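# Structural overview
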Amino acid sequence: MPANLTAQYLKAEEEYRRATSVEDELEWLQVMLAEIPKHKGTDKLQADIKAKISKAKKELLAEKRAGKKTRGVRIPRQGAGTAVIIGGPNAGKSMLLKRFTRANPEVAPYPFTTHVPMPGMMSWQDVFVQLVDTPPITEDYMESYVQGLVRGAELVLLMVDLGSDSGVEQCQEVLDRFSSGKTRLGKTSFLDEEDIGVSYTRTFVVPNKIDLPEAAERLDLFHDLCPLDFPEHVVSAEHGTGLEPLRDAIYGAMDVVRVYSKLPSAKEPDLQRPFTLRRGCTVLDMAGQVHKDFIDDLKFARVWGSAVHDGTVVKGDYVVRDKDIVELHV
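An account of the accompanying structure is given in this report. (Residues numbered from 1 in each chain as written. Predicted model: local features only at pLDDT ≥ 70, side-chain atom pairs only at ≥ 80, totals over all residues. Heavy atoms only, no water.)

The subject of this paragraph is the pairing of strand 1 (residues 82-87). Burial runs high along strand 1: 6 of the 6 residues are buried. Side chains Thr82, Val84 and Ile86 of strand 1 all project onto a buried face; the interleaved residues Ala83, Ile85 and Gly87 project onto the opposite face, where all are buried too. As judged from the 4 bridges shared by strand 1 and strand 3 (residues 127-133), these two strands associate in the parallel manner. By the bridge assignment, Val84 is partnered in strand 3 with Val132. Here 5 bridges tie strand 1 to strand 4 (residues 155-161), and the two strands are oriented parallel to one another. Pairing of Val84 across the sheet is with Val156, part of strand 4. (Buried < 20%, exposed > 50% of the residue type's maximum accessible area, 1.4 Å probe, protein only. Helix = DSSP H or I, 4+ residues; strand = E, 2+ residues; numbered from the N terminus. Pairing = 2+ DSSP bridges.)

For soluble globular proteins, the rule of thumb is that nonpolar side chains tend to be buried together. Core analysis: the largest hydrophobic core is formed by 29 residues, its most contacted members being Leu96, Leu131, Leu157, Leu246 and Ile250. When residues of this core are traced back to their parent elements, those giving at least two are strand 1, helix 4 (93-100), strand 2 (118-124), strand 3, strand 4, strand 7 (195-208) and helix 8 (243-254). In this structure, Leu96 is in contact with Ile85, Leu157, Met159, Ala237, Leu243 and Leu246, ignoring residues within four places of it in sequence. If you look at the next biggest cluster of nonpolar residues, it comprises 27 residues, including Leu149, Ala153, Phe222 and Phe230. (Core = buried A, V, L, I, M, F, W, Y, C linked by side-chain atoms within 4.5 Å. Contact = heavy atoms within 4.5 Å.)

This brings us to the packing of aromatic side chains. As enumerated under the stated definition, the model contains 2 aromatic pairs in all. Summarising the aromatic geometry, the rings of Phe190 and Tyr200 are spaced 4.5 Å apart at their centres and angled 10 degrees between planes, so their arrangement reads as stacked. Here Phe190, found in strand 6 (residues 190-192), pairs with Tyr200, found in strand 7; they are 10 residues apart in sequence, far enough to count as distant. Look at Tyr200 and you get buried, because its relative accessible area is 17%. In this structure, Arg151 is placed above the aromatic ring of Tyr16, and the distance from its NZ or CZ to the ring centre is 5.0 Å. (Phe/Tyr/Trp six-rings, centres within 6.5 Å; stacked < 30°, edge-to-face > 60°. Lys NZ or Arg CZ within 6 Å of the ring centre and 35° of its normal.)

Turning to its location among the elements, Lys57 is positioned in helix 3 (residues 43-66). Between the C-alpha atom of Lys57 and that of Val22, which follows or precedes it by 35 residues, the distance is 8.2 Å. Setting aside residues up to four positions removed in sequence, Lys57 forms contacts with Leu26 and Gln30.

In this structure, Asn90 is a non-glycine residue whose phi angle is positive, near 65 degrees. Inspection of the secondary structure puts Asn90 in the loop between strand 1 and helix 4. What makes Asn90 partly exposed here is its relative accessible area of 27%. Even without being glycine, Lys323 reaches a positive phi, approximately 75 degrees. Looking at the secondary structure, you find Lys323 in the loop between strand 11 (308-314) and strand 12 (324-329).

Side chains that carry opposite charge are capable of pairing whenever their charged atoms lie near each other. Under the definition given, this model contains 17 salt bridges. Across the pair Asp126 and Arg258 runs a salt bridge, and its minimum N-O distance is 3.0 Å. Of the two residues, Asp126 is situated in the loop between strand 2 and strand 3 and Arg258 in strand 8 (residues 256-261); the sequence distance between them amounts to 132 residues. Relative accessible area serves as the criterion here: at 24%, Asp126 is assigned to the partly exposed category. One salt-bridge network, in which partners are shared between bridges, spans Arg77, Glu154 and Arg278. (Salt bridge = Lys/Arg side-chain N within 4 Å of Asp/Glu carboxyl O.)

What follows concerns helix 3. Between its first and last C-alpha atoms helix 3 spans 35 Å; for 24 residues at 1.5 Å apiece the expected length is 34 Å, and the two agree. Among the residues of helix 3, those classed as buried are Leu45, Gln46, Ile49, Ile53, Ala56, Glu59, Leu60 and Glu63. As for helix 3, its buried residues are in contact with helix 1 (7-17), helix 2 (22-35) and strand 7. (Expected span 1.5 Å × (residues − 1).)

Let us look at the sheet that holds strand 10 (residues 300-305). Taken in spatial order, the 5 strands make up an open sheet running 9-8-12-10-11, and their pairing is mixed. A strand with exactly one partner marks an edge of an open sheet, and here the two such strands are strand 9 (270-278) and strand 11. Here the strands of the sheet are splayed against their neighbours by 30 degrees on average, with no regard to which way each runs. Pairing geometry for strand 10 and strand 12, over 5 bridges, is antiparallel. Paired with Arg302 across the two strands is Glu327, which belongs to strand 12. Packing against the sheet, helix 9 (residues 283-290) makes contact with strand 8, strand 9, strand 10, strand 11 and strand 12, and its axis sits at approximately 115 degrees to strand 9. (Axes fitted to C-alpha atoms, helices over the stretch in contact; angles between N-to-C directions.)

Put into structure tokens, the structure is as follows:
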């Protein structure tokens, strides 16, 4: 029997997949349980959710008793979304962060220069995407918090070192690390239907240092030894090759629309600071970003955009499009 999951359930499931704390996980698991259709086709999924709720409550209680968090590093989300940069030693992660943002990580020709995660904001037209550089991953070691960062991100950038004969092997070690855990790399982001504890995060492969001698041959070898079904963007982070197409792809992977606000008393909208909402969100979702009270107080909105006539009056369930101008009335 098909589950016939509702839009409200799927939204809660996506929030659960990106949760970076036990509190967030518990909150969205409870919403999932409340929203899931109750019939035989969802019996197993309901049981899985209840088990996850029980586990989250126990973990939260253990945190309170211990007086500290059991989870690792938590980086506040900013911008239109988050892309986490991962890879083996000396793959060029910090250089990519430095090229795309104003962050100033240590960049050196030797490995293990990154010891803690470092965020930076990448610009794309009039919005920003958060990039997070992470410590290198090897066969023997991966910081425990990296899985949480990957799980909570919209995108993973898996970097491959084309400047070394060991680059392909190092990349395979990273892949093995994730394939053996509950947080995995995927062509798209989703929860495993058979085990909602297993989460896949959308991944781009970024072979780096294509400008170096023998890099093209190493790229061919990588394709032969590590055939992956992920989108690939070949770059030279140091010299800028391929970075602008990658920038566009990173923003596209956030799957958001930009919405500009206009005060009822103003003649012109604020075109400097757009709100970013996930594609498919509504005027009511935007109202909640402006102020939580607007969700209950919103009477109507006027919209200027590609799908309506200028100043069209709409209700809260109107689905916003990219570059819509919205005037909220409460």
